[in-house]
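A structural walkthrough
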Amino acid sequence: MIHPSSQQNRLSAEHVEVLCSAISSETGRKFDVTDIEVPFADLCLDPFAVMNVLETVRERTGIELPASLFRDCSSVAEIANKLGATTISAPSGSSISPHGGLVQAAFADIGKLLGKVEDEAGTSNFWSDVHPAQMRLVLAYVNESFARLGSPLSGMAPNTPLSIPPGVLPKHHRVLRGAIFDILKIGGLVERRGDRYVRTSTPVDTTPAEVIYEKLIREHPLHANTHRLLHVTGSRFAECLSGEADPLKLLFGKSKDLLQDFYTNAPMSVVASELLAALLRTVFSKISREQNRAVEILEVGAGLGGTTQFVLDMLVEAGIPFRYVFTDISASFLSAAKARYKDLHPGSIEYLVLDIEKEPPGHLQDRFDAVISTNCIHATKDLIVSCTNARRLVRPGGFFALVEFTTRLYWLDLVFGLLDGWWLFTDDRTHCTTNEAVWKAKLAASGFSDVLWVEGEGGRKPNPQLIIGCTE
Ligand SMILES: C[S@@+](CC[C@H](N)C(=O)[O-])C[C@H]1O[C@@H](n2cnc3c(N)ncnc32)[C@H](O)[C@@H]1O
C-alpha cells in the first residue's frame, strides 16, 4: 500500500492519469489531468464510487491507495501533492521530441541550475521555514477580518455552517468562496461537509496579526518585500471586502514601489528571472553567433518591468544583439518603461499596447525568437485563447516562456484576490493559478509542440515556475 509520507512511494504522472480516468469512468463525466483541481465535492463521489476508483487504480497500476485519501484531500491535485512532488509533472526535458532542437536541449540543463540559483536567492528553505510562518499570518488576517465584519470565528459554536460575513461586497464573495474558506480549512478552524464548510472545535489563535507580522519580518528578513506586500491588503482586508478601502489604490498608490520591488527583487521572483535569463542566454548566444543577427524578443504584460530589467541586463552583459518589444495591455506602463530605459538601450526597444486576448496584428506574427510573459497569462479569461495568440507571435523553431505560480500560495489571494484580474477566468480552471499539468494541456491545445518546465534534484520545482512551449 502506498504510504503518503513515504518518499519512495510517489505517484507518477501515469498513475495520476489512471486515477483521473478511473474517476471519469465512475462519474460518467470528462475528467482528465486538466481537471485535477476540481473539488471532489463537485463530483458526487460516494464511498462506493471511491472504492471502485481505488480498485481500478489497483488493477491498472498495482498501487493500493488508502480510501482515507479521498476524505483527507479535496481534489486529485491535493492527493498528488500529498503523495510526492513528482506526481503530476515530468522531469524537465522529459517530453523533448526525438528531434529536440536547440531550445529543448538548453532547457534540459536549466533544472541543474535550480539548486544553486535557489541557494543564492535564499528560497531553499522557503517551504520548511517561511511558508508555515507566512500561513499563520494569512490565517490571522482572515480571522481578524471576520471579527471586524461582525462574524468572529471565536464566537461560532462547533458545527455552525460558515457563511459570508455581512457587508462584504458581492464582487468579493468570489475571494471568500475561492480562497478564504480554504484558508480557514487549512488552519483547522472549519471542515468541509459536502458543499458546506462548518466550524470545528479548534480554538482561534488570538495572537494579533501585527505581532505575527513583526516576527515574520524579524525572522525572515530576506522575504520582507513579500511580507510587506501581504501586509498592505492583509491588514486592511475587512475594509477592502466591505468597500471601505480600495485595494487598487492600496496596491498601485503608495505601495506601487513595493509591488515593483516584489516582482523584481523578491527571492522567488529572482529565482524565476535567473532561470529565464539563463535559458535566453544559452539559446540566444548560439543564435546570434551562428546566424549573425539580432534576436527578437516580445514581452507580454511587461507591466512594472520586473522581468524586463533582468533580461535586458543579461542581453547587454552577454553582448547579444537584440530587438526587444515591451508590451502591456495598459499604455500607462509603456510610458513609465520608456522613461526608465531611455538612455539604456537606445533604438533596441519598441513599446506597444498589446492585449494577448486578441489576435496580434499581422506585422507581429511569426516574428519572435522568444515571447516571454511573467505573471500575466493567468489573469486572462481563457488560457488556450491567450496562449494561441502568443503562439502566433513566435517564429518557427522559437518558444513561448511563461513564468507563473504553479503551487498555490494563499497569501497571493489576500493581495491579488481583491483585484478583478484574479477572477477573470471563464475556462475550466478552478483558480486563476494552476499547475504544470494543466499548463501543459493548455499549451499543447494552443499549438505548441514540446512543453517543458523546470524540475531540479529530487523533484524540486521553483514557484513561480518557468514553463516553455516550443514551435516547430
Ligand atoms: C502581475 S503584473 C506582472 C508584471 C510584470 N510581468 C512583472 O513581472 O513585473 C501583470 C501584467 O499583465 C498585464 N495584463 C493583464 N491582462 C493583460 C492582457 N490581456 N494582455 C496583456 N497584458 C495584460 C497587466 O497590465 C500587468 O501589467
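This text follows the structure it describes.
Residues numbered from 1 in each chain as written. Predicted model: local features only at pLDDT ≥ 70, side-chain atom pairs only at ≥ 80, totals over all residues. Heavy atoms only, no water.

**As for the packing of aromatic side chains**
Per the counting criterion, the structure on display carries 12 aromatic pairs. Between the aromatic rings of F126 and W127, the centroid separation amounts to 5.2 Å while the plane-to-plane angle is 85°, which identifies the pairing as edge-to-face. Members of the aromatic cluster, joined through ring pairs, are F262, Y263, W411, F416 and W422. (Phe/Tyr/Trp six-rings, centres within 6.5 Å; stacked < 30°, edge-to-face > 60°.)

**A closer look at the state of the cysteines**
Inspection of the entire model under this criterion finds 0 disulfides. For the unlinked cysteine C240, the closest cysteine sulfur is that of C432, found at 17 Å. Between C387, a cysteine without a disulfide, and C376, which holds the nearest cysteine sulfur, the sulfur-to-sulfur distance is 10 Å. (Disulfide = S-S within 2.5 Å.)

**So, the sheet that holds strand β6 (residues 368–374)**
The strand order across the open sheet formed by 7 strands is β5-β4-β3-β6-β7-β9-β8, and the pairing between neighbours is mixed. Edge positions in the sheet fall to β5 (349–353) and β8 (451–453), since each has one partner strand and no second. Averaged over all pairs of adjacent strands, the angle between strand axes in this sheet comes to 20°, irrespective of strand direction. Sitting on the sheet, helix α14 (residues 306–318) is in contact with β3 (295–300), β4 (322–328), β5 and β6, with an inclination near 175° to β4. Across the sheet, helix α16 (residues 383–393) is in contact with β3, β6 and β7 (394–404); its angle to β7 comes to roughly 140°. (Pairing = 2+ DSSP bridges. Helix = DSSP H or I, 4+ residues; strand = E, 2+ residues; numbered from the N terminus. Axes fitted to C-alpha atoms, helices over the stretch in contact; angles between N-to-C directions. Contact = heavy atoms within 4.5 Å.)

**What about the packing of helix α13 (residues 267–291) against α14?**
Put simply, α13 and α14 touch, their axes get as near as 9 Å, and they point 35° apart. The two elements α13 and α14 cross, and the hand of that crossing is right-handed. Between α13, through V270, S273, E274, L276, A277, L280, R281 and F284, and α14, the contact on the second element is made entirely by T307, F310, V311, M314, L315, E317 and A318. By residue class, the composition of the contact of α13 with α14 is 10 nonpolar, 2 polar and 3 charged. (Left-handed = near helix turned anticlockwise from the far one by under 90°. Nonpolar A, V, L, I, M, F, W, Y, C, P; charged D, E, K, R; others polar.)

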